[in-house]
Amino acid sequence: MRIVRGSLLFAGLIAANACAATIASSADNIARLESASTNKPESEAAQRSLGIAYFQANRYADARSALDRASSMDPRDGVVALYRGLTAEAQDDVSTARSAYESYLAYGKTRGVKKQISQRLVVLARKENLLAAKQAVARERQLSSVSGSPRTVAVLPFKFSGADTSLAPLERGFAELVATDLSRSSQLTVVDRARLQALLDEIHLQQTAGVQEGSGVRAGKILQAGRLVGGTLSQLDSNQLRADAFITNVQTTESEGRGANDQRTLDQLFALEKNIVLRLLADMGVTLTTAERDSIEQRPTRSLAAFLAYSRGLEAEDDGRFDAAARYYDNAVRLDPNFKSARRRSQDAKSATEGADVSATSLQSSLDRTSEGAVVAAATRAGGAGSTNGQAFVIADGLNPSVAGAATGSGTTIPTQPQKDPSSGTGGDNVSTKTAIITIVIHHP
Amino acid sequence: MRRCSLALLLAAAAPLEAQSFDDVSARIAPQIHSYTIDAPASTKIREFSVPLFVLVPVAPRLTVDLGTAYARSHVEQTALGKTTTSDIAGLTDTQIRANYVLGNDFVVLTAGVNLPTGQSRVPLDQVPAASLIGSDFLGFPISNMGTGFGETGGIVVARPVSDWNVGAGISMRRTERYEPFDAGAEGTLRYQPGNEYRARVGADHAVGTGRVTLGFTYATFGNDELAGSIYNTGNRYITQVAFTDDVGPGKIGVGAWNLLRTAGTLADSTFLGHEDITSAAVSYALTVGRASIEPNVEARSWAQQDAATSFLTTVGVRSQLDAGGFTLMPGVGYSLGRVAAQDPGGADVTARLRGFHATLTIRLR
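Focus: the overall build of chain A
- Within chain A, the regular secondary structure consists of 21 helices and 6 strands.
- A total of 445 residues make up chain A; the buried ones form 50% of that total.
- Within chain A, contacts between residues separated by at least 24 positions form 60% of all contacts whose residues are at least 6 apart in sequence.

What follows is the structure, encoded as structure tokens:
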């Protein structure tokens, strides 16, 4: 037992010493880079290295300043864009992170990182919506004082009632269909579903049973929409569905038009929805062109089962359950391979799932052994701190050289070793360069 | 041994199938290198080659790369007013390497195989074309057309020491027996290269915004055996130093290396004196719009025991620009110097040397 304790204590001391050494050399590294940055304030590389080193040391405010300076010097530097994004995320500045990551997608070079960034952007878009919703609610009084355009329409989830609760996800699916079809008209601007849902989540508006006539205008005012569309879906018997839709004027809180309603069998759901939309458009005084009308007549799928699966996916997505959402969307695609919206949303949901796992560590890991990774390694290893992976690989390359690797260059014209693999001196060329002697051996054995 | 290596290859290939190709990078670099050596050597050597290098990060800790090349060598030699030519062309050997990182970046295992896809058996009329590209001094990018099957394994350990990153490694290479010459009806010669043992240390250190890199490699060899004759051409010591930094609007690079081969013996047991090649180069890269232009100059010397010292100076320029998903790196260079030769009377003299190089490296990712 004494031996075990001693070993543990010893291991603890080693870990503590290693940690202290790392912190000390990281501080040395930063001090050196700060000095270099001060001496060469016009050097974008110096600012970049300093910014990366600050980020690695969790000094985000300092990192942001240095990386902003580097970015202003060279907006096309992908590594700077990446670390600006990481830093902004660490500071919860989602919009700057998104903008920086989009810059990386434009100018970055490492495909693995680009793929992760694309996935991360899906997560950030949701975060940005939630943040915007919080800020909008906080500024509700100010936003509500500005009248929204009557041409801006928000479609809220429909309220379902009926015995078959498996149809309840149609609340979102039906609203999505209505919103999509209303947006076919060039005279209307339909509020983005994700943005609207983020606001609804924030103010729990959906708990007030959707939008009934003359109610639920709070969300509309915050969104500065002129009109709200909402309604109910009622299952009358096992096979009959009735839809009632209302238009609410956000400013007057009064209903507009006569409202729209229709009742059909379940398998005529899409015909029911088209009929409702056309009546709503008529109530709004919107005249459709032939092309717009033809567009509205298009159905996303012919399969009710696929649309139900899709609606469940929307529900799961709104709850933040992207993994489950992807499964529902995949199921919808399996039932109807031509269901394009389901296929697109499946991809987005998968990106959101994978994007949630994207971290600074995973991104930096993807940079290993790339040209951009070398830039980062140069910053983090400048003073001997951090990974020595680069040095180990350089030595491994010299121990086990690749002729083609050397012949295709490594990024600089400066030869740091003989281009030729020195070991080939023991190979065929060493024999054949002694041609005269070999010939003698052949002819005079 | 061969069976064991095939098993290793298969093991490496299995995860490749499951790997996303998003992270694969590749480089291809068609290039031509030509040297003309005046009398008394009166030799022209020209090599056109297309090396291909593909790097696949199989897993976060495992990378595999594959390198091969197509090469065409042409040699013209004039003696007593008569010019003879020698040509050889084809695929060279293929090297597959794997590097595996253990622990927290500090230990790297490296392994590789040399697949004999090139032409290792050379008819006598192709010997000049196959052999003169092997010169350490001229440094052709593809230095031989083919050897036997070979295996390499090694381990590297790297650690931060004070303000330096320091690493050290050892490796061993074994090459299977092969027949380097096709002597027709006069029979064949079997060649068994000796095993090679390498040790290498390296270090890098920040200097301001720049970086200095040092390296030293020691290679020792077991005895070679050619048709029953045992010999050893000497050990090799390679010393390297490089420095890069931002200077003014551009980036400067300074590099030097030295290759020292100790004395040894040839296949007929005659003495082979030592040789020493030193190279120093400077480049300066400037960014112009979306491209960079990098003029460079290199000086090289070759000291051989009992021979005149050879010199070579190369002036070149290289550019780098991104085009779509590719990076293009065209480069040209012109060389001038003198190389050791013997006059008809057997006296050590030097012959004028001129050279031209053009390369277009295309990098995907």
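There's more to say after this.
Side note on the overall build of chain B
- Counting its regular elements, chain B contains 2 helices and 25 strands.
- Counting every position in chain B, which comprises 365 residues, the buried fraction comes to 41%.
- For chain B, the share of sequence-separated contacts (at least 6 apart) that also reach a separation of at least 24 residues comes to 56%.

Thoughts on the pairing of strand S23 (residues 310–323) of chain B
Residue and element names in this part refer to chain B.
- One ladder, built from 12 bridges, connects strand S22 (residues 291–304) with S23; its direction is antiparallel. Directly across from asparagine 296, in S23, lies its bridge partner glycine 316.
- Bridge analysis of S23 against strand S24 (residues 326–342) gives 11 bridges, and the strand direction is antiparallel. What sits directly across from arginine 318, in S24, is glycine 331.

Observations regarding unusual backbone geometry
- Cis geometry marks the peptide bond from B:Ala39 to B:Pro40; its omega dihedral reads 10°.
- Inspection of the secondary structure assignment puts B:Pro40 in the loop between strand S2 (31–37) and strand S3 (43–59).
- Residues other than glycine seldom take positive phi values, yet A:Asn58 does so here, at roughly 65°.
- Here A:Asn58 shows up in the loop between helix H2 (44–56) and helix H3 (60–73).

Concerning helix H4 (residues 78–90) of chain A
Residues and elements named next belong to chain A.
- The end-to-end C-alpha distance of H4, which contains 13 residues, comes to 18 Å, matching closely the 18 Å that a straight helix rising 1.5 Å per residue would cover.
- With 12 of its 13 residues buried, H4 lies for the most part within the structure.
- The complete set of buried residues in H4 reads Gly78, Val79, Val80, Ala81, Leu82, Tyr83, Arg84, Gly85, Leu86, Thr87, Ala88 and Glu89.
- Positioned one or two residues after H4, aspartate 92 has a phi angle of 60°, which is positive.

Some words on the nonpolar core
- With 57 residues, the main nonpolar core has A:Leu82, A:Tyr83, A:Tyr310, A:Tyr329 and A:Ala332 as its most contacted residues.
- Residues contacting A:Leu82, with those up to four places away along its chain left out, are A:Tyr104, A:Gly108, A:Val113 and A:Leu363.
- Among the nonpolar cores identified, the runner-up in size contains 49 residues, and B:Phe53, B:Phe137, B:Ile238 and B:Trp257 belong to it.

Things to note about helix H5 (residues 94–107) of chain A
Residue and element names in this part refer to chain A.
- Compared with the 20 Å implied by 1.5 Å per residue over 14 residues, the 20 Å span of H5 between its first and last C-alpha is a close match.
- Those residues of H5 not exposed but buried are Val94, Ala97, Ala100, Tyr101, Ser103 and Tyr104.
- Where H5 is buried, its residues meet H4 and helix H6 (111–138).

Description of the confidence of the model for chain A
Residues and elements named next belong to chain A.
- In this model, chain A carries a mean pLDDT of 78, and residues with pLDDT of at least 70 account for 80%.
- The low-confidence segment residues 382–387, where pLDDT is below 50, has 30 contacts with residues more than four positions distant or belonging to other chains.
- Throughout residues 419–445 the model reports pLDDT below 50, and contacts reaching past four residues in sequence, or to other chains, amount to 66 contacts.

As for the packing of H2(A) against H4(A)
Residues and elements named next belong to chain A.
- Running from N to C, H2 and H4 point in directions that differ by 30°, and their axes come no closer than 10 Å. As summarised for this structure, H2 and H4 are arranged roughly parallel, according to the angle between their axes. Helix-helix and strand crossings are classified by hand; for H2 and H4 the assignment is left-handed. Where H2 abuts H4, its residues Arg48, Gly51, Ile52 and Phe55 lie against Val79, Val80, Tyr83, Leu86 and Thr87.
- Class assignment for the residues of the contact of H2 with H4 results in 6 nonpolar, 2 polar and 1 charged.

Brief notes about the sheet that holds strand S15 (residues 224–226) of chain B
All names here are of chain B.
- Ordered in space as S8-S11-S12-S15-S16, the 5 strands form an open sheet in which the pairing is mixed. Looking along the sheet, the strands with just one partner apiece sit at the ends: strand S8 (122–123) and strand S16 (229–231).
- For S8 and strand S11 (residues 178–182), the ladder comprises 2 bridges, and the chain directions are parallel. Note that in S11 the partner of proline 123 across the bridge is aspartate 182.

A short note on the environment of B:Arg236
- Note that B:Arg236 resides in strand S17 (residues 236–247).
- Residues B:Arg236 and B:Arg261 lie 25 residues apart in sequence; the distance between their C-alpha atoms is 4.5 Å.

Considering the environment of A:Gly148
- Of note, A:Gly148 is situated in the loop between helix H7 (140–144) and strand S1 (149–155).
- Expressed as a C-alpha distance, the spacing of A:Gly148 and A:Gln251, which sit 103 residues apart in the sequence, is 8.0 Å.

A closer look at the environment of A:Ser183
Residue and element names in this part refer to chain A.
- Here serine 183 is to be found in the loop between helix H8 (170–182) and strand S3 (189–190).
- Once the C-alpha coordinates of serine 183 and isoleucine 296 are considered, the two residues, 113 residues apart in sequence, prove to be 9.3 Å apart.
- For serine 183, the contacting residues outside a window of four places in its chain are Leu188 and Val190.

Definitions and cut-offs
- Residues numbered from 1 in each chain as written.
- Chains lettered and ligands numbered in written order.
- Predicted model: local features only at pLDDT ≥ 70, side-chain atom pairs only at ≥ 80, totals over all residues.
- Helix = DSSP H or I, 4+ residues; strand = E, 2+ residues; numbered from the N terminus.
- Buried ≥ 20, exposed ≤ 12 C-beta atoms within 10 Å, placed from the backbone.
- Contact = placed C-beta atoms within 7 Å.
- Pairing = 2+ DSSP bridges.
- Expected span 1.5 Å × (residues − 1).
- Core = buried A, V, L, I, M, F, W, Y, C linked by C-beta atoms within 7 Å.
- pLDDT = per-residue confidence, 0-100.
- Axes fitted to C-alpha atoms, helices over the stretch in contact; angles between N-to-C directions.
- Parallel < 35°, antiparallel > 145°, perpendicular 65-115°, else oblique.
- Left-handed = near helix turned anticlockwise from the far one by under 90°.
- Nonpolar A, V, L, I, M, F, W, Y, C, P; charged D, E, K, R; others polar.

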